[in-house]
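This is what each chain is made of:
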Amino acid sequence: MSLCGSSKREHCMKCESVAMLNYVMVKPGCDTEVFVECATCGAFVARYTLTTYTSEDPYRSYLRLMRKKRSDSGAATRQAGQKFVTEVWEGYRQAKDLVADSEEVDHLEEILDRTE
Amino acid sequence: MKGWSLRRVLLGITGILLAVLAYLMLGSLPPRQRIMASIFILTVFLWITEIIPIFVTAVLSAFLCALLLGQGATLFGAQPLPASLFFNPFANTVIVLMFGGFVLARVFSRNYLDEEFCDFILARLGNKPQVVLLGIMGITAVMSMWMSNTATTAIMVATVLPAVRGLRPGSNLAKALMLGIPFAANIGGIATPIGTPPNAIALGLLAERGYTVSFFTWMIAGFPLMVVVLLITFGLTWAMFKTTVTEFSLKVSREHPTANRGIVYTTFFATVLLWLTDALHHIPSAVVALVPMLVFSVAGLFSKEDLRLIAWDILLLIGGGLALGAGIKETGLADTIVQYAVPSGFPKFGVIALFSFFIALIATFMSNTAAATIVLPIAVSLSGQSPMMMMITVAICTSYGMALPISTPPNAIAYGSEMIQSKDMFRLGALVSIVAVIVTVAWQALLFLVFPGLAVTS
Ligand SMILES: [Zn+2]
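Residues numbered from 1 in each chain as written. Chains lettered and ligands numbered in written order. Predicted model: local features only at pLDDT ≥ 70, side-chain atom pairs only at ≥ 80, totals over all residues. Heavy atoms only, no water.

1. Focus on the side chain of Thr393(B)
Then comes step 1: With respect to the helices, strands and loops of the structure, Thr393(B) is situated in helix H21 (residues 387-398).
Then comes step 2: Looking at Thr393(B), the relative accessible area reads 0%, which means it is buried. (Helix = DSSP H or I, 4+ residues; strand = E, 2+ residues; numbered from the N terminus. Buried < 20%, exposed > 50% of the residue type's maximum accessible area, 1.4 Å probe, protein only.)

This is how it looks when you write it as structure tokens:
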């Protein structure tokens, strides 16, 4: 797989720290939100709104997605499951590779703007 | 699946060539039947290879029927058939019935009532491994009677997986649990008309011929059978994967954001009650099927967003399958196949047994709905004046194709957990398939001998 896109480690705009704390908020009927706080100085860093969530066990996350699905093909279901898991690990590896390659950008919003 | 890989292009060309070849080789048949045979062969080929999604193949076959047997038929020297013949099946009453079932299932899962039910029973199973296995298979089968087999398996595998991973790798109990769940989901679908799409194909084809099988009738044929086959499957699983583990329990302490329990359960039980009592009130099951959608919409539990997330692809697949069935019947191709395939004087019971084994075999290698769509139109033409027994039996046996990881979505999901090997699935799955077909054919024969007029309201 070729490397495309950009990637960076989130850091605190106040103290430059890359140590973060995530507060995950689940409200029935709303999208789940993650509030990110600097673990060093306690400043608010960012908010993410989740559409999907994958845990350290991607196959279980895939099962969560399939909970609301119907499928009529064993072969297609098998492929989709494998693809889901592979993409998670592959994406994780790529994100780390890209961080190593890219020059530092000041603010995460800058790379988000570029990719939109 | 995505992209124009060389494999897909080559397979696509092969499929078209096979269809053309079939047309050229069947010169002795009337033109309409030659066209229909070509479309049929292309459809079967695409369903086996899955180079395009199976619902797209279903729509393609309806499109080709409407095009080539419609105005296009004149080019082949045949009288055109009306396009409505191939599009009306998309609004067959059974599609409405399935739609209603989809809505019920969606509202259940949206409010986490499915997981709540699952945990409620699991918490009461104790710690004897055989009781836990039977309990898990029981919950799975009951849920898959009403929900999709895929979703049911996903919930059950996700629930059981952490505990299973705690067992010794390759342990027999882990295998028994991870095979018991998908097999129970496959089997649970046979109990109700809405349990799995092949049932709908059978009902739809019967409806096209003027036969109505009530919800209650299907359940009389399907539910006790489901219980028997499930118990046999449990017995075979337990015997094949004997365990030395003496204690096994599942920790179920999930918090569910459940909501709207009262209205959802009330609507569910009221709908099921109406489905089961149609002999008293004579409201067709498809009409009853719209009750949940109306109630949930008015109560704000079913939104436009939910509607978009309904599995339209499965409804299109069933519709396309019924359109193909209509084409096979209307062109007379079904009768021709029957003439060649089944020697006259072959006992009817033997024919049913033969078709039942055949469909379980091909459903092992391809989508169950696709298998039902290929076999059932021929089966219905064969069964003459009393197609009920043939259709219900063969449709049920479709669900028994479960020897391979790709046989059904539940199998694929359980296999993906990497807790079982395909040879384990094959050993148990093939055995279950064969035993289940034998039991089903015997049960249906008994049922229809005792109540000959049971299912017929034409
Ligand atoms: Zn900071």
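Further notes follow.
2. A word on the sheet that holds strand E3 (residues 44-49) of chain A
Residue and element names in this part refer to chain A.
Then comes step 1: The antiparallel open sheet is built from 3 strands, whose spatial order is E1-E2-E3. Of all strands in the sheet, those with a lone pairing partner are strand E1 (20-25) and E3, marking the two edges. Sheet twist, expressed as the average angle between the axes of neighbouring strands with direction ignored, equals 20 degrees. (Pairing = 2+ DSSP bridges. Axes fitted to C-alpha atoms, helices over the stretch in contact; angles between N-to-C directions.)

3. Focus on the nonpolar core
Residues and elements named next belong to chain B.
Then comes step 1: Ranked by internal contacts, the top residues of the largest apolar core, which has 163 residues, are Trp-47, Ile-136, Trp-146, Trp-275, Phe-355, Leu-376 and Tyr-400.
Then comes step 2: With 11 residues, the top contributor of residues to this core is helix H5 (residues 93-110).
Then comes step 3: Excluding its chain neighbours within four sequence positions, the residues that come into contact with Trp-47 are Ile-54, Thr-57, Ala-58, Leu-317, Leu-324, Met-366, Ala-370, Thr-373 and Ile-374. (Core = buried A, V, L, I, M, F, W, Y, C linked by side-chain atoms within 4.5 Å. Contact = heavy atoms within 4.5 Å.)

4. Here's the deal with the environment of Ser171(B)
Residue and element names in this part refer to chain B.
Then comes step 1: Along the chain, the position of Ser-171 falls in the loop between helix H8 (149-165) and helix H9 (172-188).
Then comes step 2: On the basis of relative accessible area, Ser-171 is assigned to the buried category, the value being 4%.
Then comes step 3: Each C-alpha atom of the pair Ser-171 and Asn-186 lies 23 Å from the other, and the pair is 15 residues apart in sequence.
Then comes step 4: From its side chain, Ser-171 meets the backbone nitrogen of Ala-174 in a polar contact 3.2 Å long. (Polar contact = N/O pair within 3.5 Å; in protein donor to acceptor, adjacent residues only side chain to side chain.)

5. With respect to the pairing of strand E2 (residues 33-38) of chain A
Residue and element names in this part refer to chain A.
Then comes step 1: Across 6 bridges, E1 lies against E2 in antiparallel orientation. Looking at the pairing, Val-24 lines up with Val-34 of E2.
Then comes step 2: Joining the antiparallel neighbours E2 and E3 is a turn of 5 residues, in which Gly-42 adopts a positive phi near 85 degrees.

6. Thoughts on the confidence of the model for chain A
Then comes step 1: Summary statistics for chain A give a mean pLDDT of 85 and a share of 82% for residues scoring 70 or more.
Then comes step 2: Here helix H3 (residues 108-115) of chain A stands out as the least confident element of chain A, with mean pLDDT 63; E2(A) is the most confident, with 95. (pLDDT = per-residue confidence, 0-100.)

7. A few points about the coordination of the zinc ion
Residues and elements named next belong to chain A.
Then comes step 1: Protein-derived ligands of the zinc ion are Cys-12 (SG), Cys-15 (SG), Cys-38 (SG) and Cys-41 (SG), with the metal-ligand distances lying across 2.3 Å.
Then comes step 2: Coordination geometry of the zinc ion: the 4 donor atoms subtend angles of 103 to 116 degrees at the metal centre, consistent with an arrangement described as tetrahedral.
Then comes step 3: Read from N- to C-terminus, the donor residues coordinating the zinc ion fall into the pattern C-x2-C-x22-C-x2-C.
Then comes step 4: The exposure class of Cys-38 is buried, given its relative accessible area of 1%.
Then comes step 5: Looking at Cys-41, the relative accessible area reads 40%, which means it is partly exposed. (Donors = N, O, S within 2.8 Å, 3.2 Å for Na, K, Ca; no water. Tetrahedral: all angles 85-135°; square planar, octahedral: opposite > 155°, others 65-115°.)

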